[in-house]
Amino acid sequence: MKKIIIMVVVILILVIIAIYCKFVLGLASQMADPKVSTLEKEMSWEKEHKLWGDYDDYEKEDYIVKGLNDYDLHVTLVKNPIPSDKYVIISHGFKSNRYGAVKYVDSYIDLGFNCIIYDMRDHGENAKATVSLGQFESEDLYKLIEDTYNRYGNIKLGLHGESMGAATSLMVLAKKPKVDFVVADCGFDNLYDLIHTSYSVAKVGFVLPSVNAVMKLRYGYDMKKTSPKDALVGNEVPVCFIHGEADTFILPDNSQVNKAATAGYSELHLVPNAAHAQSREVLGKAEYRGIIGDFLNNINFK
C-alpha cells in the first residue's frame, strides 16, 4: 500500500510538472511565435475604422531589405506627391503588419514626408521567425535605416512606431543611428516589467521567471533586455511620446518612464479616452498631424 501511495504521489507530481511546463511554453510561444494578422485583414480593419485615407492614391514601390542575419523584410515606399528629401520609417505593432501602419501615412504625407512602411520579422509577408518585441527587431530596423540612406542618398530621416514598433524605434537609438527624430506611440519601457504587470493582474505572476527562462533557452533572448528605457540612456535624438490615457494594455506610465530616461529633447502627449494604439483614431488625422507638426517645429526640423 505504501508503495502504491508513493507511486500515485510521484505520478501526480509529474502530471503537475507537465501541466506547468505546457502552460509556460504556451505563454512563451504567444509572444515569440504569435498568430499574426494578414495583410488583407489589416487592410479591412483600417478601412472599417476610416484610417486607410488616401493610401490607394499614392505612388508606391515595393522592395526587400536584408535585416539581421540577412532576414528578408518586405518594404513599401509611399512616395510624397511633391518631391521631398524627408523620409519617415513607420514600424507597426505586435501581430499587425505594414498595412497596420497606413493610419499614419496621410499625416506624414501632409507634412511633406515620403513614408516607408514594412513588415517586422514574422509578420506580414515575411518568413517565420522569432519575435522578440524589440531586440531582434531593432537590429532589423538599423539595417533598414542603413538601406534607406544607401537607397535615397542625402536625406532627412525620422522614425515612427506604434506599441512594439515604438519600443523597436526607441531601442534602435542605442546603436546611435543617423535619425533626426522619433515619434513613439504607446510603447513600453521594459518587456519583462510589462509582462509582469499583465501576469500579476491575471494572478500568474509567479510563472514569469520560467517563461523568461524559456525565452532564453528556446528563443535566444532575455525579456529583461528588451528595454527601451535602458536604450534611451544618453540618447540625444528628440523624441515625441504619444500615449492613450485609457490604455490598459501598456499603461501611460511606460511613456513617462521612457521620457524620463532620455537625455535629449522630448515631449509627452497623453490622449484622453484613447485605449491602446487608438490615439490616431480618437484624435483624427488633423489633430494627430498637429502634434507631430508642432513637435517638428519645436526641434527646428526643416
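Looking at an unreviewed UniProt entry, one finds the protein named Alpha/beta hydrolase, with Lachnoanaerobaculum orale as its source organism.

(A) Region of the structure containing the layout of surface pockets. Size it by volume and the largest pocket reaches roughly 720 Å³. As for the largest pocket, its lining consists of 28 residues, of which Gly 93, Phe 94, Lys 95, Phe 249 and His 276 are closest to the centre. Listed by contribution, the elements that provide at least two residues to the lining of the largest pocket are helix H1 (2-32), helix H2 (39-48) and helix H6 (191-201). Counting residues per element, the lining of the largest pocket draws most heavily on H6, which supplies 5 residues. Of the residues belonging to the lining of the largest pocket, the class tally is 14 nonpolar, 8 polar and 6 charged. Counting contributing residues, the lining of the largest pocket receives three or more from each of domain 1 (1-32 + 196-225) and domain 2 (36-190 + 227-299). Considered as a void within the structure, the second largest pocket measures approximately 190 Å³ in volume. Those elements that place two or more of their residues in the lining of the second largest pocket are H6 and helix H9 (253-261).

(B) Inspection of the side chain of Ser 279 at higher detail. Inspection of the secondary structure puts Ser 279 in helix H10 (residues 279-283). For Ser 279, a relative accessible area of 1% puts it in the buried group.

(C) Spatial organisation of helix H4 (residues 135-152). For H4, spanning 18 residues, the distance from its first C-alpha to its last is 26 Å, which sits close to the expected 26 Å at 1.5 Å a residue. Along H4, the residues classified as buried are Gln 135, Phe 136, Glu 137, Ser 138, Asp 140, Leu 141, Leu 144, Ile 145, Asp 147, Thr 148, Tyr 149 and Tyr 152.

(D) Quick look at the packing of aromatic side chains. A complete count under the given rule lists 12 aromatic pairs for this structure. Here Phe 113 and Phe 181 contribute two aromatic rings whose centre-to-centre distance is 5.8 Å and whose plane-to-plane angle is 80 degrees, an arrangement assigned as edge-to-face. Taken as a pair, Phe 113 in the loop between helix H3 (105-110) and strand E4 (114-118) and Phe 181 in strand E6 (residues 181-185) lie far apart in primary sequence, 68 residues in all. Looking at Phe 181, the relative accessible area reads 0%, which means it is buried. Consider the rings of Phe 181 and Phe 301, whose centres lie 5.3 Å apart with planes at 80 degrees: the pair is edge-to-face. Here Phe 181, found in strand E6, pairs with Phe 301, found in the segment after helix H11 (285-298); they are 120 residues apart in sequence, far enough to count as distant. For the pair shown, Phe 181 and Phe 301 are each scored as buried.

Scoring rules and cut-offs
Residues numbered from 1 in each chain as written. Predicted model: local features only at pLDDT ≥ 70, side-chain atom pairs only at ≥ 80, totals over all residues. Heavy atoms only, no water. 1 Å grid on protein atoms, 1.4 Å probe; cavity = no way out; pocket = protein on both sides within 12 Å on 5 of 7 lines; lining within 4 Å. Points joined across faces, edges and corners; volume = space filled by probe spheres on them. Helix = DSSP H or I, 4+ residues; strand = E, 2+ residues; numbered from the N terminus. Nonpolar A, V, L, I, M, F, W, Y, C, P; charged D, E, K, R; others polar. Domains from an automatic or database assignment. Buried < 20%, exposed > 50% of the residue type's maximum accessible area, 1.4 Å probe, protein only. Expected span 1.5 Å × (residues − 1). Phe/Tyr/Trp six-rings, centres within 6.5 Å; stacked < 30°, edge-to-face > 60°.

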